[in-house]
Amino acid sequence: MKKTAIFPGSFDPFTKGHEDIVLRGLELFDHIIIGIGHNSAKHNRYFDIDKMVSYIEEAFTDHPNVSVLVYNELTAELAKKYDARFLLRGLRNTTDFEYENSISQVNRFLNERLESVFLITSPQLAAISSSIIREVHRYDGDISEFLPYQLD
Ligand code: ADP
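Let me begin by describing the structure that accompanies this report. In this text, all values refer to a predicted model and were calculated from it rather than measured experimentally.

### Focus: the pairing of strand β4 (residues 86-91)
Most of β4 sits inside the fold, with five of its six residues counted as buried. Where strand β1 (residues 4-9) lies against β4, two bridges are found, and the strand directions are parallel. What sits directly across from Ala-5, in β4, is Phe-86. Two elements, β4 and strand β5 (residues 115-120), share six bridges in a ladder whose sense is parallel. Within β5, the position partnered with Leu-87 by the bridge is Ser-116. Remark: the β4/helix α4 (residues 94-110)/β5 crossover connection has right-handed handedness.

Here is the structure:
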């Protein structure tokens, strides 16, 4: 049976840390859906969501088994809709662990067939976080080194 995983997140922006999780996830899954969680009623993103979809697609042009979508519902429901039995997430540190532990319990409660799978960050990418990248960009710093696509 085809194994589909959802990689959910805000991806504001999608970074080389995220790309690494997806590329490593492709060793485990046949298809990975990158799901950008977005509540359109709250305009609280830094990077434009449609642009981010295009950037991510650009980063994975060589990988037809990676797709990108925007969603505005429970991740557990999205997984049911796409027949995805796995949630893929990355772990950088104990703070990530505490958070991921709680949400994976809730997700399993909401959808008992859903298994969360965690990949430990690659050490050279461990310091990359979307929030720090946003701060650097806000003050006109160069963030291109941290992104797997070119900003336009
Ligand atoms: P969220 O808003 O759900 O926290 P993010 O977009 O910040 O989502 O991150 C999505 C997932 O990617 C999370 O599991 C996060 O821990 C993981 N992640 C973020 N940056 C890295 C990194 N540098 N290395 C490994 N995993 C990462």
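That covers the picture; the talk isn't over yet.
### Side note on the nonpolar core
With 31 residues, the main nonpolar core has Phe-7, Phe-14 and Ile-34 as its most contacted residues. Of all elements in the fold, only β1, α1 (16-25), β2 (31-37), α2 (49-59), β3 (66-71), β4 and β5 reach the threshold of two or more residues within this core. It is α2 that provides the largest number of residues to this core, a total of six residues. Membership of the second largest hydrophobic core comes to ten residues, among which are Ile-6, Leu-69, Leu-78 and Ala-79.

### Remarks on the pattern of salt bridges
One pass over the structure, following the stated rule, counts nine salt bridges. Arg-89 is paired through a salt bridge with Glu-100; the nearest N and O atoms lie 2.8 Å apart. In this pair, Arg-89 is assigned in strand β4 and Glu-100 in helix α4, connecting sequence segments eleven residues apart. Assigned by exposure class, Arg-89 and Glu-100 land together as buried.

### A closer look at the side chain of Ser-116
You can see Ser-116 is positioned in strand β5. Residue Ser-116 is classed as buried on the basis of its relative accessible area of 19%.

### A word on the site of the ligand
Among the 16 residues in the neighbourhood of the ligand, the closest are listed as Ser-10, Phe-11, Gly-90, Thr-121 and Leu-125. Within the side chain of Glu-100, one N or O atom sits 3.3 Å away from an oxygen atom of the ligand. Considered on its own, the ligand offers 560 Å² of accessible surface; in the complex 87% of this is hidden by protein. More than half of the atoms belonging to the ligand lie within 2 Å of the grid points that define the largest pocket. Mapped by element, the contributors of at least two residues to the shell around the ligand are β1, α1, β4 and α4. Its residues placed into classes, the shell around the ligand shows six nonpolar, six polar and four charged.

Calculation rules
- Within any chain, residue numbers begin from 1 and follow the written order of that chain's sequence.
- Side-chain atom pairs in this predicted model are given and counted only at pLDDT of 80 or more, local residue features only at pLDDT of at least 70, and totals for whole chains, interfaces and linings cover all residues.
- Remark: hydrogens and water are excluded; side-chain values derive from all non-hydrogen atoms of the structure.
- Relative accessibility under 20% of the residue-type maximum defines a buried residue, over 50% an exposed one, and the middle range a partly exposed one, all with a 1.4 Å probe and only protein chains included.
- Per the convention used, a helix needs a DSSP run of H or I reaching at least four residues, while a strand needs a run of E reaching at least two, with both numbered from the N terminus.
- Strands qualify as paired when DSSP identifies two bridges or more between them.
- By convention a crossover is right-handed if, when the strands point away from the viewer, the path from the first strand over the helix to the second runs clockwise.
- Joining through side-chain atoms within 4.5 Å is the link that ties buried Ala, Val, Leu, Ile, Met, Phe, Trp, Tyr and Cys residues into a set, and such a set is a nonpolar core.
- Any carboxyl oxygen of Asp or Glu within 4 Å of a side-chain nitrogen of Lys or Arg constitutes a salt bridge here.
- Near, as used in this document, describes a residue that has one of its heavy atoms within 4 Å of the molecule or strand being considered.
- Polar contact is the term for a pair of N or O atoms within 3.5 Å; when the atoms are in protein, one must be able to donate a hydrogen and the other to accept it, and sequence-neighboring residues count only if both atoms are side-chain atoms.
- Note on areas: these come from Shrake-Rupley sampling with a 1.4 Å probe, and a residue is covered only by the protein chains present in the view.
- With a 1 Å grid spanning the protein atoms alone, the term cavity applies to any set of points in which a 1.4 Å probe fits but cannot get out, the term pocket to an open set with protein on both sides within 12 Å along at least five of seven lines, and the term lining residue to any residue with an atom within 4 Å of a point.
- Cavities and pockets are treated as containing a molecule whenever more than half of the molecule's atoms lie within 2 Å of their grid points.
- Each residue receives one of three labels: charged for Asp, Glu, Lys and Arg, nonpolar for Ala, Val, Leu, Ile, Met, Phe, Trp, Tyr, Cys and Pro, and polar for the others, Gly being one of them.

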